[in-house]
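# A look at the structure
Residue-level listing of the chains:
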Amino acid sequence: MIIVVRHAKTTKDQVNEAINRLNQVGARLYGVVVNMVAKRAVGSYYYYYYEETAPTGRGKGSSGGRRRA
């Protein structure tokens with residue numbers, strides 16, 4: 001699965017809930033696409049990093065975070 005989220009509209013809670021539901025049915029999350037990001041100054045960029053982690057004991061666990069460069 002690839003999750004598509006809207007920048008500045010989709011909440012972290014909504015993303016976490018979607019990931020939890022995917023985990024419940026055994027789906028594999030391959031990534032997150034952030035859509036409708038405002039155009040920024042020339043030379044700047046933004047990306048999202050996702051890393052799958054080991055199970056945490058209550059089902060499959062995963063974590064992700066935004067990084068800005």
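Residues numbered from 1 in each chain as written. Predicted model: local features only at pLDDT ≥ 70, side-chain atom pairs only at ≥ 80, totals over all residues. Heavy atoms only, no water.

Turning our attention to the pattern of salt bridges. If you walk through the whole model with that rule in mind, you get 1 salt bridge. Between Arg-21 and Glu-17 there is a salt bridge, with its nearest N and O atoms 2.9 Å apart. One end of the pair is Arg-21 and the other is Glu-17, both in helix H1 (residues 12–24) and 4 residues apart, which spans about a single turn. (Salt bridge = Lys/Arg side-chain N within 4 Å of Asp/Glu carboxyl O. Helix = DSSP H or I, 4+ residues; strand = E, 2+ residues; numbered from the N terminus.)

Okay, the confidence of the model for the protein chain next. Looking at the protein chain, the pLDDT average stands at 77 and 57% of residues meet or exceed 70. No element of the protein chain has a lower mean pLDDT than strand E4 (residues 62–68), at 49, and none a higher one than H1, at 95. Every residue in residues 59–63 is under pLDDT 50, and counting partners more than four places away or in other chains gives 13 contacts. (pLDDT = per-residue confidence, 0-100. Contact = heavy atoms within 4.5 Å.)

Looking along a regular strand, one sees the side chains alternate between the two faces of the sheet. Relative to strand E2 (residues 31–35), strand E1 (residues 2–6) runs parallel, the two sharing 5 bridges. Across the sheet, the residue bridging to Ile-3 is Val-32, located in E2. With H1 bridging E1 and the parallel E2, this β-α-β connection has right-handed handedness. (Pairing = 2+ DSSP bridges. Right-handed = clockwise from strand over helix to strand, strands pointing away.)

A surface patch of nonpolar side chains, amounting to about 430 Å² of accessible area, comprises Ile-2, Val-4, Tyr-30 and Val-33. As for its placement among the helices and strands, Val-33 is situated in strand E2. (Patch = residues over 30% accessible without salt bridge, like charges linked within 9 Å, V, L, I, M, F, W, Y side chains within 5 Å. Areas by Shrake-Rupley, 256 points an atom, 1.4 Å probe, with all protein chains shown as cover.)

Take the environment of Ile-2 next. In this structure, Ile-2 sits in strand E1. For the pair Ile-2 and Val-32, spaced 30 residues apart in sequence, the C-alpha to C-alpha distance is 5.6 Å. Those residues in contact with Ile-2, other than ones at most four positions away along the chain, are Tyr-30, Gly-31 and Val-33.

Before going further, it helps to spend a moment on the nonpolar core. Generally speaking, nonpolar side chains in soluble globular proteins are found buried as a group. Listed in full, the 7 residues of the largest apolar core are Ile-3, Val-5, Val-15, Ile-19, Leu-22, Leu-29 and Val-32. Put simply, the parts of the chain that give this core at least two residues each are E1 and H1. Top element by residues in this core is H1. It accounts for 3 residues. (Core = buried A, V, L, I, M, F, W, Y, C linked by side-chain atoms within 4.5 Å. Buried < 20%, exposed > 50% of the residue type's maximum accessible area, 1.4 Å probe, protein only.)

The subject of this paragraph is H1. With 13 residues, H1 ought to run about 18 Å at 1.5 Å a step, and its terminal C-alpha atoms sit 18 Å apart, in line with that. When H1 is considered as a whole, its buried residues turn out to be Val-15, Ile-19 and Leu-22. Burial along H1 is one-sided: seen end-on, the buried residues are contained in an arc of 60 degrees. Along H1, the residues that are exposed and aim more than 90 degrees away from the buried face are Asp-13, Arg-21 and Gln-24. Of the residues one or two after H1, Gly-26 is the one with positive phi, at around 80 degrees. (Expected span 1.5 Å × (residues − 1). Arc of directions from axis to C-beta.)

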